[in-house]
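An overview of the molecular structure
Residues per chain are reported as follows:
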Amino acid sequence: MQRNLFLYLTTFLCGASIMGVEISSSRFMAPYFGSSMITWTVIIGVILVAMSIGNFIGGRLADQDDPTRRLYQLILWASIWIALLPLLGKYLIASIAAASIAFFPDQVVLVGSITSCILLFALPCIILGATSPCMIKAATRNLDNNGRVAGEIYGLSTLGSIFGTFLPTFFTIPLIGTDLTFYLFAATLCSLAVYHRLKQRSLSALPALIIVIALA
């Protein structure tokens, strides 16, 4: 039961992190491409595609070796990528904006926002999308309750997404800014991975935690 509770907490926080990245990405891109309907459509569309790809990949990963270990490996990699966004993202978006103006002057917003979303925000959403099948496989004990477990996983993930939508908009971005909002979600995910590693008496995640803290 305690193991499933930690998995459910992980589910909630992963759902929150996906939406936190989505909301924060709009603030990242606004100075270069604005916040029009085109930009928002690109952000939502790219992230949904990334999550769908992640679901397919996660389903195959979950059927391989220990799904719990695989789950927290994915979460660790997602946290590191999200922690790097404030450091590298602005320079990359500025470069993409300049290239879009030079080569696609009539479609700067569309081309620039699509390219920026794919290069910066698609990968962490693919990784976090891959966690859902691993969570379901790790939480399922027998075939008699797999439907209930899947429903709980997806329900908690959706609740987390709702939380991750409101938290950056009304609290973290106005109070601490976009960069620290990315660091907050990165640190949350990294803490989950490190806690799991420590429970398994494995210290392999500690160097990654040190990197995330140093970057922050």
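For clarity, every value in this text was computed on a predicted model and none was experimentally measured.

Some remarks on the side chain of T11
- Assignment of secondary structure puts T11 in helix 1 (residues 2-33).
- Setting aside residues up to four positions removed in sequence, T11 forms contacts with M135, I153, L156 and S157.

Some remarks on the packing of aromatic side chains
- All told, the structure shown has 6 aromatic pairs when counted by the stated rule.
- Between F6 and Y72 the ring centres are 5.6 Å apart and the planes differ by 15°, which places this aromatic pair in the stacked class. Residue F6 is located in helix 1, and its partner Y72 is located in helix 3 (residues 67-103); the two are separated by 66 residues in the primary sequence. Accessibility classification places F6 together with Y72 in one group, the buried group.
- Seen from their ring centres, F12 and F163 are 5.7 Å apart, and the 40° between their planes marks the pair as tilted. Residue F12 is located in helix 1, and its partner F163 is located in helix 6 (residues 146-176); the two are separated by 151 residues in the primary sequence.
- Judged by relative accessible area, which is 24%, F12 ranks as partly exposed.
- An aromatic cluster is defined as three or more aromatic residues linked by ring pairs; in this entry it consists of F6, Y72 and Y195.

Examining helix 6
- By the largest-angle criterion, P168 marks the main kink of helix 6, which is about 50°.
- Listed in full, the buried residues belonging to helix 6 are V149, A150, I153, S157, G160, S161, G164, L167, P168, T172 and I173.
- After helix 6 finishes, the residue G177 shows a positive phi value of roughly 95°.

Observations concerning the nonpolar core
- One finds F121 and L189 to be the most contacted residues of the largest nonpolar core, which totals 53 residues.
- Broken down by secondary-structure element, the contributors of at least two residues to this core are helix 1, helix 2 (37-62), helix 3, helix 4 (108-129), helix 5 (131-139), helix 6 and helix 7 (178-199).
- The dominant element in this core, judged by the number of residues it contributes, is helix 3, at 13 residues.
- If we skip the residues at most four places from it in the chain, L189 touches L13, C14, S17, I75, A78, S79, I82 and L128.

Cut-offs applied
Residues numbered from 1 in each chain as written. Predicted model: local features only at pLDDT ≥ 70, side-chain atom pairs only at ≥ 80, totals over all residues. Heavy atoms only, no water. Helix = DSSP H or I, 4+ residues; strand = E, 2+ residues; numbered from the N terminus. Contact = heavy atoms within 4.5 Å. Phe/Tyr/Trp six-rings, centres within 6.5 Å; stacked < 30°, edge-to-face > 60°. Buried < 20%, exposed > 50% of the residue type's maximum accessible area, 1.4 Å probe, protein only. Bend = angle between axes of the 7 residues up to and from the residue. Core = buried A, V, L, I, M, F, W, Y, C linked by side-chain atoms within 4.5 Å.

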